[in-house]
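# Structure at a glance
Read off the chains here:
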Amino acid sequence: MCCSNGDFCLSKIKQKQTITLKELYSLNSFWSLKRSWKTKILDYFLLVVLTVEGLIISKFVEINIYLSLALAGTFWGLIKLYFFLRFLYRFYNSLKIHGIECSEIKSLSTTVSIVFLNHRSSNLLIISGFLYSSKTQKEVFEPIIVDWQEEYFEALFKKEIWKARWINVRYTYAFLAAMWQKSPIGDLIEFISKLAK
Amino acid sequence: MNDSKNNEFPKLSRKEFTVLGMLIGRGEMFGLEMVEASQGELKRGTIYVTLQRMGDKGYIESREEPRLMPEIGIPRRKYWATGLGERVYQTNVKAHEFFNSDFAWGVVN
């Protein structure tokens, strides 16, 4: 589905136009069109696997073939539901992290407004928020995320997809490097290297 | 402030020296601007750790730059050098100059 890569964004909200969560969701799907064929194949593959599994089980266990197929279908539906709920959870979490209220989205009216939510970076921010103090979070990790999103979406607007991907890789590394530096082990190693000098 | 006056000489690391040099020369800057201006000397992953440490030492200060209405998200942070930072930088520049001068090597006639 559209949330396969975890990135989603709102784009180009025209003057006096409001945007609802539903529209936001559809914009996200739009951005992920390129990947949809992969997820479709995976979906069908999963369905085929479950059906075959159901047929095999019905051969060995005393169970009605239709019942086994219905079970396989239900299982498939549950997996889809899980992924959908996971997407919703991440989506709302991301909104929370970026300080965006639902009412704000509905009442947004600008000439050309660009609101971006980068999911991968939001996840990293959740992890760092759990591990480090709020001061470090504010002074070290949040600025990295801001720079990350700025460079990433600038590349996306220029339709430089590969550059955007490279920026994702580079900033993931930068974020992890910052986490390492702020960790007690990183501090200790720096202290030892200073002593060695 | 008095501590830095009375105790040991406030040495700057290379990164700190570069950051202070830029902030004194150009005024207020964002972190990413500093990374781009340093031409590879400052890295995206370490700049903010360095800036935080410098802030703790009192060499720089920062504030959150509020976003204008079309933009929504985490506010960007702008940095500038404090008086102490400027003094420490100038002291380090003088120390470098002295170290590289002939006088320091006893060549002066």
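Above this note sits the structure.
Conventions used here
Residues numbered from 1 in each chain as written. Chains lettered and ligands numbered in written order. Predicted model: local features only at pLDDT ≥ 70, side-chain atom pairs only at ≥ 80, totals over all residues. Heavy atoms only, no water. Helix = DSSP H or I, 4+ residues; strand = E, 2+ residues; numbered from the N terminus. Buried < 20%, exposed > 50% of the residue type's maximum accessible area, 1.4 Å probe, protein only. Contact = heavy atoms within 4.5 Å. Salt bridge = Lys/Arg side-chain N within 4 Å of Asp/Glu carboxyl O.

## Here we look at the environment of W180 of chain A
Residue and element names in this part refer to chain A.
- Mapping W180 onto the fold places it in helix α7 (residues 161-182).
- Given a relative accessible area of 45%, W180 falls into the partly exposed group.
- Setting aside residues up to four positions removed in sequence, W180 forms contacts with Y132, I185, G186 and I189.

## Describing the pattern of salt bridges
- Tallied over the full model, the rule gives ten salt bridges over all chains.
- Of the charged contacts, one joins E151 of chain A and R170 of chain A as a salt bridge, the two residues approaching to 3.4 Å between their closest N and O atoms. Within this pair, whereas E151 of chain A is found in helix α6 (residues 134-157), its partner R170 of chain A is found in helix α7, the two being separated by 19 residues in sequence.
- For E151 of chain A, a relative accessible area of 12% gives the class buried.
- A salt bridge links E16 of chain B to K57 of chain B; the shortest N-O distance between them is 2.7 Å. Here the residue E16 of chain B occupies a position in helix α2 (residues 14-26), and K57 of chain B occupies one in helix α4 (residues 47-57), the gap between them amounting to 41 residues.
- Looking at E16 of chain B, the relative accessible area reads 6%, which means it is buried.
- Connected through shared salt-bridge partners, K135 and E139 of chain A together with D56 of chain B make up one network.

## Topic: unusual backbone geometry
- Here the phi dihedral of Q39 of chain B falls at roughly 55°; this positive angle occurs in a residue that is not glycine.
- Among the secondary structure elements, Q39 of chain B is positioned in the loop between α3 (31-37) and α4.

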